[in-house]
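Coordinates in review
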Amino acid sequence: MIEIEKTVYDKKEASDGKRILVMRFWPRGISKDRVDVWIKELGTEKELIKKWKTGKISWNNFSAEYEKGLKGKEYLLKDLAKQAKEGTITLLCSCKDMNHCHRYLLKITIAEYIPRI
């Protein structure tokens, strides 16, 4: 199972399973024991974040650009799909709006790999 309803700032709970930080940059004020794994390669590129947060691109454009950025990282996606099939993984970043966050897109992409494993 893939969970995205928590941020890296939310309290760690046993039900989280494996807590995976998917941000390019380590969040301020967060100690290393708050996450199990950091996969910065699956975080959003700095320029893409900037375009989205300043309103220069739409959510649809952001989504398309983020998904393009996942090309060549299929090995990471397959590994996360395998882990999600075996137990719960929680994808973490600092975004509070999970529906407009790359975690949402990443969850969908990872879920597409699960039936192939």
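The structure displayed is predicted, hence computed values, not measured ones.

1. Some points on the pattern of salt bridges
Pairing of side chains with opposite charge becomes possible as their charged atoms draw close. Scanning all chains against the criterion turns up six salt bridges. Glu13 serves as the salt-bridge partner of Lys6, at 3.5 Å between the closest nitrogen and oxygen. Classification of Lys6 as buried rests on a relative accessible area of 14%. On the basis of relative accessible area, Glu13 is assigned to the partly exposed category, the value being 41%. Across the pair Lys6 and Asp16 runs a salt bridge whose closest N-O atoms are separated by 2.8 Å. Taken together, the positions of Lys6 in the loop between strand S1 (2-3) and strand S2 (18-21) and Asp16 in the loop between S1 and S2 put the pair ten residues apart, joining distant regions of the chain. Accessibility classification places Lys6 together with Asp16 in one group, the buried group. Through salt bridges with shared partners, one network takes in Lys6, Glu13, Asp16 and Arg19.

So, how was this worked out
Residues numbered from 1 in each chain as written. Predicted model: local features only at pLDDT ≥ 70, side-chain atom pairs only at ≥ 80, totals over all residues. Heavy atoms only, no water. Salt bridge = Lys/Arg side-chain N within 4 Å of Asp/Glu carboxyl O. Buried < 20%, exposed > 50% of the residue type's maximum accessible area, 1.4 Å probe, protein only. Helix = DSSP H or I, 4+ residues; strand = E, 2+ residues; numbered from the N terminus.

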